[in-house]
Amino acid sequence: MINPEGFGELMLLPQAVKLYRNKYLHILRQSFFTIMPFLLAVSTLDIVDKNIISPSGPVMSSQGLNLGFWLTGGLTGEAYRQNEFIKLLDSFQTIVKLGYGTVSVVITAELANRLAELWKIPRTTTVVTTVIIFFMLSPLSYDENGTVWIFLSGRSFFSAFFSAFLGALLLRYFFGLKILQFEKPNYYPQTMATRITDFLPIMLTLSITLILVLALIFLRPAIDGALEVLSSQTFFQSPFFALAFQFLVWSLWWIGIPGFNFTAMVHETAYPPQILANQLTNTAAVFTNGFFTASMVHILGLIIAVLLFSRHDTWRKASMWGLPFMLFNVEELFVFGLPVVLNPIFVIPFLLAPLANTVVGWAAITWGIVPSFQIFIPPALPLFVNGVLGTHSIMGGVLQVVWLIMDILIYAPFVITANMFMLADEIKKGGDGK
């Protein structure tokens, strides 16, 4: 029988230590810590919007308490959606999206600043250049109004990280080329003269970015077409792909990278057609973006397992802080705060629980026990409500509860084992008189 402690010490711990000491993952984590209060603030506004203010939410819509019907004097259908009061409520979500986009700009700047410090390149130049790159990469398609809203919308964390690394890496290369270095023009004011010497690296960096953007715009129809072909077949509905997808998402989370944001292209292009098909043609596509959003409950399972089985005061306090946010699927505070990231104790259940949820969910929908997800429910809606609204059936909520119970049971042995390790360590330290 494998000794968990020996397995952790011989196999998991050394690898986790190597990852923890990786300077680039360290910079990513520290950058994310910086934006955490801002992200939590915007996420709280998002929770309020999705659950209370939104005309299509559980309070205002006809699928919930139907308060919007009464506040508009009994309007329904298109008249309800065109009501000025309802339009005003809808605009709140636009403001929230702008908040998320602004946070993405902040993390771009923070990450670029840390990379510049690491690589010994001008920090202000690097920060400003990477923010420009973020705006260049973001709007690969334009609306007819061409407003700033298309630049700042949603959690563009992948674009933020990509912009920061791309810009800083190119600047590092160009600043290192002697052919691009020239004497500072002292006949200009000192600050201006210093910045002018950065002109060529900045111009070349932005030029390469522009070429990349044009290439992406040119290739986008082909990429969209390929994804559409795959969506129309069984590729994205394969349980093997779903398991691999979940494994990738939560592996990224474990090393400190927001997994769903880094795989947003799959969510936004591959799975919406399945949701639409479930609505219009009464199909039973199992794997949709609603399915994956609903199955995020496993982190709530870890929180409850810690509260039930852990005697570690710090862990319990971290869980208490994370609980109200995780009820609405805001996982960042707890994942980074416990910490789960690069924690060898939790790597097995952290990857096993979402895979188990995927298998059970696939079986329940395939066998007709639970209806398929017919609409995409925002993550900010709480447990059970999320599943019920997503499937138009109470069984969707029951499935989430089953997932949660499974996840608690999966995490419990690891929490208990961690207690034993920490208790033994505290006794040892006490015995040494420390």
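This is a predicted model, so every value here is computed, not measured.

As for the overall build of the chain
And step 1. In terms of regular secondary structure, the chain is built from 20 helices and zero strands.
And step 2. Burial statistics for the chain: of 434 residues in total, 46% are counted as buried.
And step 3. Considering only contacts in the chain between residues 6 or more positions apart, those separated by 24 or more positions represent 70%.
And step 4. When the accessible surface of the chain is totalled, it reaches about 21800 Å², and 69% of it is carbon and sulfur.

Observations concerning the pattern of salt bridges
And step 1. Tallying each qualifying case throughout the model produces four salt bridges.
And step 2. A salt bridge links Lys-317 to Asp-313; the shortest N-O distance between them is 3.2 Å. In this pair, Lys-317 and Asp-313 are both assigned in helix α16 (residues 313–326), four residues apart and thus about one turn of the helix distant.
And step 3. Relative accessible area serves as the criterion here: at 51%, Lys-317 is assigned to the exposed category.
And step 4. Residue class for Asp-313 comes out partly exposed when judged on its relative accessible area of 46%.

A word on the nonpolar core
And step 1. One finds Phe-32, Trp-250 and Leu-302 to be the most contacted residues of the largest nonpolar core, which totals 89 residues.
And step 2. The contacts of Leu-302, once residues within four sequence positions are left out, are Phe-334, Leu-338, Val-340, Phe-346, Tyr-411 and Val-415.
And step 3. In this structure, Ile-133, Leu-137, Leu-166 and Leu-180 belong to the second largest nonpolar core, which totals eight residues.

Focus on the packing of helix α2 (residues 23–53) against helix α5 (residues 84–119)
And step 1. Contact geometry for α2 and α5: axes closest at 9 Å, N-to-C directions at 175°. Here α5 runs roughly antiparallel to α2, going by the angle between their axes.
And step 2. Considering only residue class, the contact of α2 with α5 consists of 21 nonpolar, six polar and six charged.

What about the environment of Gln-30?
And step 1. One can find Gln-30 in helix α2.
And step 2. Given a relative accessible area of 23%, Gln-30 falls into the partly exposed group.
And step 3. Along the chain, Gln-30 and Arg-114 lie 84 residues apart, while their C-alpha atoms are 8.9 Å from each other.

Quick notes on helix α10 (residues 239–254)
And step 1. Helix length check: α10, at 16 residues, gives a terminal C-alpha distance of 22 Å against a target of 22 Å (1.5 Å per residue), a fit within 8%.
And step 2. Residues of α10 that are buried include every one of Phe-241, Ala-242, Phe-245, Gln-246, Val-249, Trp-250, Leu-252, Trp-253 and Trp-254, and no others.
And step 3. A distance of 3.2 Å separates the backbone nitrogen of Phe-240 from a side-chain oxygen at the start of α10, and that oxygen is part of Ser-238.
And step 4. Two residues or fewer past α10, Gly-256 is found with a positive phi of approximately 100°.

A word on unusual backbone geometry
Trans is the common state for peptide bonds, and a negative phi is the common state for residues other than glycine.
And step 1. You will see that Asn-66, though not glycine, has its phi angle at about 65°, which is positive.
And step 2. On the secondary structure map, Asn-66 appears in the loop between α2 and α3 (67–71).
And step 3. Owing to a relative accessible area of 23%, Asn-66 belongs among the partly exposed residues under this scheme.
And step 4. Of note in the backbone geometry, Phe-384 takes a positive phi value of approximately 75° without being a glycine.
And step 5. By the secondary structure assignment, Phe-384 is in the loop between α18 (347–366) and α19 (385–391).

Focus on the side chain of Gln-93
And step 1. With respect to the element layout, Gln-93 can be found in helix α5.
And step 2. Separated by 2.4 Å, the side chains of Gln-93 and Asp-49 make a polar contact.
And step 3. Those residues within four positions of Gln-93 in sequence are excluded, and the remaining contacts are Asp-46, Asp-49 and Lys-50.

A look at the packing of aromatic side chains
And step 1. Inspection of every chain in the model, using the stated rule, returns 14 aromatic pairs.
And step 2. Their ring planes at 5° and their centres at 6.1 Å tell us that Phe-241 and Phe-245 sit as a pair that is stacked. Of the two residues, Phe-241 and Phe-245 are both situated in helix α10; the distance of four residues between them amounts to about one turn of the helix.
And step 3. Of the residues examined, Phe-245 reaches a relative accessible area of 4% and is grouped as buried.

Thoughts on the confidence of the model for the chain
And step 1. This prediction gives the chain a mean pLDDT of 80; 82% of its residues lie at or above 70.
And step 2. Across residues 1–10, where pLDDT falls below 50, the model places 10 contacts with residues more than four positions away in sequence or in other chains.

Some remarks on α2
And step 1. If you check α2, its first and last C-alpha atoms are 42 Å apart, about what 31 residues at 1.5 Å a residue would give, namely 45 Å.
And step 2. Helix geometry: α2 is bent most strongly at Ile-35, by close to 50°, with proline Pro-37 lying one to four residues after it.

Quick word on the side chain of Ser-393
And step 1. Within the secondary structure, Ser-393 is located in the loop between α19 and α20 (394–431).
And step 2. Every residue in contact with Ser-393, bar those within four places of it in the chain, is listed here: Pro-371, Gly-387 and Val-388.

What about the environment of Val-370?
And step 1. When you line up the elements, Val-370 lands in the loop between α18 and α19.
And step 2. For Val-370, a relative accessible area of 4% translates into the label buried.
And step 3. Val-370 sits 84 residues away from Val-286 along the chain, and the two C-alpha atoms are 10.0 Å apart.
And step 4. Excluding anything up to four places from it in sequence, Val-370 contacts Ala-364, Ile-365, Thr-391, Met-395, Gly-396 and Leu-399.

Criteria and thresholds
Residues numbered from 1 in each chain as written. Predicted model: local features only at pLDDT ≥ 70, side-chain atom pairs only at ≥ 80, totals over all residues. Heavy atoms only, no water. Helix = DSSP H or I, 4+ residues; strand = E, 2+ residues; numbered from the N terminus. Buried < 20%, exposed > 50% of the residue type's maximum accessible area, 1.4 Å probe, protein only. Contact = heavy atoms within 4.5 Å. Areas by Shrake-Rupley, 256 points an atom, 1.4 Å probe, with all protein chains shown as cover. Salt bridge = Lys/Arg side-chain N within 4 Å of Asp/Glu carboxyl O. Core = buried A, V, L, I, M, F, W, Y, C linked by side-chain atoms within 4.5 Å. Axes fitted to C-alpha atoms, helices over the stretch in contact; angles between N-to-C directions. Parallel < 35°, antiparallel > 145°, perpendicular 65-115°, else oblique. Nonpolar A, V, L, I, M, F, W, Y, C, P; charged D, E, K, R; others polar. Expected span 1.5 Å × (residues − 1). Polar contact = N/O pair within 3.5 Å; in protein donor to acceptor, adjacent residues only side chain to side chain. Phe/Tyr/Trp six-rings, centres within 6.5 Å; stacked < 30°, edge-to-face > 60°. pLDDT = per-residue confidence, 0-100. Bend = angle between axes of the 7 residues up to and from the residue.

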